[in-house]
Amino acid sequence: MNEVLVYIELQNEKIADVSLELLGKAQDLAKKTSAKCGAILIGNNIKNHHEILFQYGADTIYSTEDLSLKNYAPLPYTKTVCEIVEKSKPQIVLYGATVNGRDLAPRIASKLKVGLTADCTELQIGDYQKKKKGEIKNYKNILYQIRPAFGGNIIATIVSPDHRPQMATVRPGVMKVKKNDKTNSGKVVNIKTDIPQELLITEIIKTIKIEKNVDLNASSIIVAGGMGVGSKENFKLIHKLAKTLGGIVGASRAAVDANFINADHQIGQTGTTVQPKLYIAVGISGQIQHIAGMSNSNRIIAINTDKDAPIFQIANYGIVGDFNDVIPKLIKTFKTLKK
Amino acid sequence: MSYNIIVLAKQVPDTKNITGDAMKPDGTVNRIALPTIFNPEDLNALEEALKIKDEYGAKITVLTMGPPSAAEVLRQSLFRGADDVILLSDRKFAAADTLATSYVLSLAIKKIGKFDLIIGGRQAIDGDTAQVGPQTAEKLKVNQATCVNDIVELTNDSITVNRNTDHGSETIKTKLPILLTITAEANTPRPPSVKKTLTYKNALSLIEKNDYDEEYLKSNKKPFVIKNWDHKDINAKTERCGLTGSPTQVKKIENIVLETGNFKNIENSASGIKNLISELMSEHIIG
Ligand SMILES: Cc1cc2nc3c(=O)[nH]c(=O)nc-3n(C[C@H](O)[C@H](O)[C@H](O)COP(=O)(O)OP(=O)(O)OC[C@H]3O[C@@H](n4cnc5c(N)ncnc54)[C@H](O)[C@@H]3O)c2cc1C
């Protein structure tokens, strides 16, 4: 079978986390279709990334190095990636659903006249049957591109059975990286490009890097507060529990909108997607858009005064009660047992 | 100088109030069952165009593809200051994915002819794909800047914009013509003007005329007629439009089913909490 390729996005000369996550998923998809997994790496001075890409699962790297590819710009990048895809003829190409991934992938799909599914949260391989005008056509081993739709109210499985490559952008934070320290090398295919001057018209004048004051994926424990916490003042209790457990503070959008905490902490469909070992949801009702960002957590504890709150449906442990009462007990018990 | 601006707008179901019944069995959207609105970020796109018109002068043409009822977003655009509006409506366009949509939009733009800027919203709230803008730009072979939160400078042949990135923002300068997609942060869309609303409130496209008051059509006042283009008007190949021209297909739609995993109700008591903490510690989840 033809390869499964991942477009490697460089951000500030570093490989974006989502690209490594996608290599993890691409290995699975490749295995299921008896294919190999590869990386598309373009830019300038990029050889130093080869080793990492092999370690994270690429069998082959398709690489184009050119001074004109130093920074991302839609026109030269579209041309270069299309050339690589046309040469390597992959069955699948995956992109991170980052700002620039979502800028680039649709142009490539448009140029190659193939399908593209945006912002997937799950990818699988499976069969598909198409019925058209009484005719039945069967497809084997095609890519199921699974994503929330309609503001997160439903989940859609999309396929592009008749076109190759099948392409999708995938939300950062949902796929798991797979590192193999023993593999440091593999095949590199260098592909030359010739970018005409008229494509080099985007000039970056200034970049502003805003450091997020929190990296929600940096800890294996998240304590998240919602509207039920009631105030910024009350949120101190959330911070205290997080600190006690060595975790990080998250929040629902309602809590962010109410200014209990800043937006960098928001978890969910329009915030960050997380999958910690332990997620403690405090005063969060469990609306679909919030759950979309945390339901893959290993264990979920929900603390809520309303025994019918939807969050209990996905929780592993539910405590019906007022957080003002429950959290101090949790802190005290943990400290006692830790001794 | 005065600019020629094309604004891409979409009528969308209001995704804040939606259930699984809003989908037809074939997986496409049952639009009739849903209240519709002007896609929010497309209003920001229109506002950006109107700001340019206010400052430098511009001819703004708003383009939408959709069912006859999508003429409503065109009326809303006229109420706010658009100069011309075009409805792309044809049964052949129905159930298009982003690729087939961008094909139709790009042919319509070619038919309009001259443009300096094409401006759309960052994404539509029904699909959240953000793909139609870039796909249209590619078909027209023009450059793009997506996620734009500010137009910093505009000259006769260049534009400087600030766009969001994953880690902050960047300011880029490039040449006209260009396609921009605009975020909600860029501006606050103006409300309809009372005067323009009175002028255009009866603007209609002839394909929606059944909904209209026959008396009004017979009255001696001439209504503003919203142009409607079908696949013939833009020379579109039907095999590249609508469902037929869409490489992506919906295999299935599911309502989100919340999983009841192995749920344990923890008693809100000293012993209940002690057991919970001990369990998590013994499994090395905390501690
Ligand atoms: C397009 C779209 C995108 C969205 N994206 C996101 C997103 O990314 N992330 C997100 O979180 N939301 C998102 N939302 C919003 C989402 O729909 C909900 O509105 C939001 O998650 C609700 O937050 P909440 O659970 O904190 O508040 P509420 O729903 O108000 O729930 C508060 C809960 O606190 C409980 N409570 C009250 N007092 C106490 C107490 N003393 N002790 C314990 N419990 C108490 C209540 O019983 C209730 O269950 C989005 C919505 C839309 C339409």
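Residues numbered from 1 in each chain as written. Chains lettered and ligands numbered in written order. Predicted model: local features only at pLDDT ≥ 70, side-chain atom pairs only at ≥ 80, totals over all residues. Heavy atoms only, no water.

Caption draft 1: Layout of the overall build of chain B. Check the secondary structure of chain B and you find seven helices and 14 strands. Out of the 287 residues belonging to chain B, those deemed buried represent 55%. Counting every atom, chain B has about 13,200 Å² of accessible surface; 50% of that belongs to carbon and sulfur. (Helix = DSSP H or I, 4+ residues; strand = E, 2+ residues; numbered from the N terminus. Buried < 20%, exposed > 50% of the residue type's maximum accessible area, 1.4 Å probe, protein only. Areas by Shrake-Rupley, 256 points an atom, 1.4 Å probe, with all protein chains shown as cover.)

Caption draft 2: Here's a closer look at the sheet that holds strand S16 (residues 278-282) of chain A. Strand order in the open sheet formed by six strands is S15(A)-S14(A)-S16(A)-S17(A)-S18(A)-S14(B), with parallel pairing between adjacent strands. One side of each edge strand has no neighbouring strand; the edge strands of this open sheet are strand S15 (248-251) of chain A together with strand S14 (264-265) of chain B. Strand direction decides the pairing type here: strand S14 (residues 221-225) of chain A and S16(A), joined by five bridges, are parallel. Counted as the bridge partner of Ala224(A) is Ala281(A) from S16(A). (Pairing = 2+ DSSP bridges.)

Caption draft 3: Region of the structure containing helix H4 (residues 132-140) of chain B. The buried fraction of H4(B) amounts to eight of the nine residues, a majority that puts the element mostly inside the structure. Considered for burial, the residues of H4(B) that qualify are Gly133(B), Pro134(B), Gln135(B), Thr136(B), Ala137(B), Glu138(B), Lys139(B) and Leu140(B). Of the surrounding elements, those touching the buried residues of H4(B) are helix H3 (74-88) and helix H4 (101-112) of chain A together with helix H3 (98-112), strand S6 (117-121), strand S7 (143-154) and strand S10 (178-182) of chain B. Lys141(B) sits one or two residues past H4(B) and shows a positive phi near 55 degrees. (Contact = heavy atoms within 4.5 Å.)

Caption draft 4: Structural view of the interface of chain B and chain A. Each partner contributes to the interface: chain B provides 77 residues, whereas chain A provides 80 residues. Joining chain B to chain A, the criterion identifies three salt bridges. Glu283(B) is the partner of Arg299(A) in a salt bridge, and the nearest nitrogen-oxygen pair spans 2.5 Å. Of all the secondary-structure elements, those providing two or more residues to the side of chain B that touches chain A are H3, H4, S7, strand S8 (158-165), strand S9 (168-175), strand S13 (249-255), S14 and helix H7 (270-282) of chain B. Partitioning the side of chain B that touches chain A into residue classes produces 27 nonpolar, 32 polar and 18 charged. (Salt bridge = Lys/Arg side-chain N within 4 Å of Asp/Glu carboxyl O. Nonpolar A, V, L, I, M, F, W, Y, C, P; charged D, E, K, R; others polar.)

Caption draft 5: The arrangement of the domain arrangement of chain A in detail. All names here are of chain A. In terms of domains, chain A is made up of domain 1 (3-199) and domain 2 (216-338). Summarising the inter-unit geometry, the C-alpha centres of domain 1 and domain 2 are found 34 Å apart. Interface area for domain 1 against domain 2, summed over the two sides, is near 710 Å², with a carbon-plus-sulfur share of 35%. Interface area lost by domain 1 to domain 2 is led by Gly-152, Arg-171 and Gly-173, which between them contribute 48%. Here domain 1 is connected to domain 2 by zero salt bridges. (Domains from an automatic or database assignment. Buried area = accessible area lost by both parts, 1.4 Å probe.)

Caption draft 6: Main features of the packing of aromatic side chains. Here the structure, examined in full by the defined rule, presents seven aromatic pairs over all chains. Aromatic pair Tyr7(A) and Tyr95(A): ring centres 5.8 Å apart, planes at 35 degrees, arrangement tilted. Here Tyr7(A) is found in strand S1 (residues 4-7), whereas its partner Tyr95(A) is found in strand S6 (residues 92-96), with 88 residues between them in sequence. A single burial state applies to Tyr7(A) and to Tyr95(A), both of which are buried. Between Phe235(A) and Phe260(A), the aromatic rings sit 6.0 Å apart at their centres with planes inclined by 50 degrees, giving tilted as the arrangement. You can see Phe235(A) sitting in helix H5 (residues 232-245) and its partner Phe260(A) sitting in the loop between helix H6 (253-257) and S16, a full 25 residues away along the chain. Neither residue differs from the other here; Phe235(A) and Phe260(A) are each classed as buried. Between Lys111(B) and the ring centre of Trp229(B), over which it is positioned, the NZ or CZ distance is 4.7 Å. (Phe/Tyr/Trp six-rings, centres within 6.5 Å; stacked < 30°, edge-to-face > 60°. Lys NZ or Arg CZ within 6 Å of the ring centre and 35° of its normal.)

Caption draft 7: Inspection of the packing of H4(A) against H4(B) at higher detail. With their axes 8 Å apart at the nearest point, H4(A) and H4(B) run at an angle of 50 degrees to one another. Here H4(A) lies oblique to H4(B), going by the angle between them. For the pair H4(A) and H4(B), the crossing hand works out as right-handed. The segment H4(A) lies against H4(B), with Arg102(A), Asp103(A), Pro106(A), Arg107(A), Ala109(A), Ser110(A) and Lys111(A) engaging Pro134(B), Gln135(B), Ala137(B), Glu138(B) and Lys139(B). Taken together, the residues that form the contact of H4(A) with H4(B) break down as four nonpolar, two polar and six charged. (Axes fitted to C-alpha atoms, helices over the stretch in contact; angles between N-to-C directions. Parallel < 35°, antiparallel > 145°, perpendicular 65-115°, else oblique. Left-handed = near helix turned anticlockwise from the far one by under 90°.)

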